[in-house]
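Report on the structure
This is what each chain is made of:
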Amino acid sequence: MGLDLYAGTLTRYYAHNWKTVVEAWAEANGVAFERSTPEENAEEQLTPEQIQQIVSGWRDDMLASVTPENQLPETWEENNDKPYYTDKPDWDAFGAMLLVAAAHTYEETIPETLEKDWDFTEHPLIKRLSEDHEHMLSLYRSVMFFVPIMNSTMVFRGPLPDGREVQIGTVAALEKELEHINEICWLAKEEQILSWTETEGYPAKTLEEVGSEDFKPEPYSTESLAKFAFSIFWRAMKFAKENRVPVVFDY
């Protein structure tokens, strides 16, 4: 399964009231597209109102469990029509971002190119940083769900509204990590970071090339993929912070 990044209310997310960038492109261009999910989800049988009630209850319970007694919980509004942001870094670019940051952390050489569908989880530099207790970075520790808490960079394990138990981070933690990655890798201004979704990324291929018998995907530029993914993550973090909504890895 590919990787999409979603920033928005959990009500919209679980109600499937949002479109991935591929889905939106297909709809705009009159191309047939069927969105598939790994399994039949129970929330598909619920109304948006029921989903909102479940998600709101989960939010309140989660906030009560992680908020210190002397603080008010940083709550957020849940509904089925609040705006959302989404884009598709896919796993190859996400892995490239992790690899470039890990290489800079340990002052190691960055490979110029990467093959399609490379297994970033087995790369020695990424594994090294994921196990390094001096660098507790949530993106290297399987955190794929961030709640809009800005006064804490904590990471904790807990259940999601759909019952899965996962590692959960805060948007503040995501912001701090992205700022750190930018500082050690590029020192780019925000305007430049935002431009990378248009100027960097996967090489364009025509339908004729893809359909030919001798078509072979060319290696990806590691640096370009890393910047592309970083821009998407930066946009999602910025949207989540400004609109007080969670960030979710969708795959």
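Refer to the structure presented above.
Rules used throughout
- All residue numbers refer to positions counted from 1 along the written sequence of the respective chain.
- The predicted origin of the model limits local features to residues at a pLDDT of at least 70 and limits the giving and counting of side-chain atom pairs to 80 or more, whereas totals for whole chains, interfaces and linings rest on all residues.
- Side-chain calculation: all heavy atoms of the structure are included, whereas hydrogens and water are not.
- Secondary structure elements follow DSSP: runs of H or I no shorter than four residues count as helices, runs of E no shorter than two count as strands, and numbering proceeds from the N terminus.
- Note on exposure labels: buried denotes an accessible area under 20% of the residue type's maximum, exposed denotes more than 50%, and partly exposed covers the range between, all computed with a 1.4 Å probe on protein chains only.
- Two strands qualify as a pair provided that DSSP identifies no fewer than 2 bridges between them.
- Inter-axis angles, ranging from 0 to 180 degrees, are taken between N-to-C directions of lines fitted to C-alpha atoms, where helices are fitted over the stretch in contact.
- Residues belong to a common nonpolar core when they are buried Ala, Val, Leu, Ile, Met, Phe, Trp, Tyr or Cys residues joined through side-chain atoms within 4.5 Å.
- Any pair of residues with heavy atoms lying within 4.5 Å of one another is described as a contacting pair.

In this section: unusual backbone geometry. In this structure, Asp 117 is a non-glycine residue whose phi angle is positive, near 65°. As for its placement among the helices and strands, Asp 117 is situated in the loop between β3 (113-114) and α5 (124-130). You can call Asp 117 exposed: its relative accessible area is 60%. Even without glycine at this site, Arg 244 takes up a positive phi of about 50°. Position of Arg 244 among the secondary structure elements: in the loop between α9 (222-243) and β8 (247-250). Overall, Arg 244 belongs to the partly exposed group, its relative accessible area being 25%.

The next subject is the sheet that holds strand β6 (residues 165-170). The strand order across the open sheet built from six strands is β2-β1-β8-β4-β6-β5, with neighbouring strands paired in mixed fashion. Among the strands making up the open sheet, the edge pair consists of β2 (85-87) and β5 (155-159). Going from strand to strand, the sheet's axes swing by 25° on average, the running direction of each strand aside. In this sheet, β6 lies alongside β5 in antiparallel orientation, the contact comprising five bridges. Looking at β6, one finds that Pro 159 is bridged to Glu 165.

Here we come to the nonpolar core. Ranked by internal contacts, the top residues of the largest apolar core, which has 51 residues, are Phe 94, Leu 139, Tyr 140, Trp 186, Phe 230 and Phe 233. Of all the secondary-structure elements, those providing two or more residues to this core are β1 (4-7), α4 (90-105), α5, α6 (171-185), α7 (190-199), α9 and β8. For this core, the leading source of residues is α9, giving 12 residues. Not counting residues up to four positions away in its chain, the partners in contact with Leu 139 are Phe 94, Met 97, Leu 98, Phe 146, Leu 174, Glu 177, Leu 178, Ile 181, Phe 233 and Phe 249. The next biggest cluster of nonpolar side chains, apart from the first, holds 20 residues, and it includes Tyr 14, Ile 51, Val 66 and Val 147.

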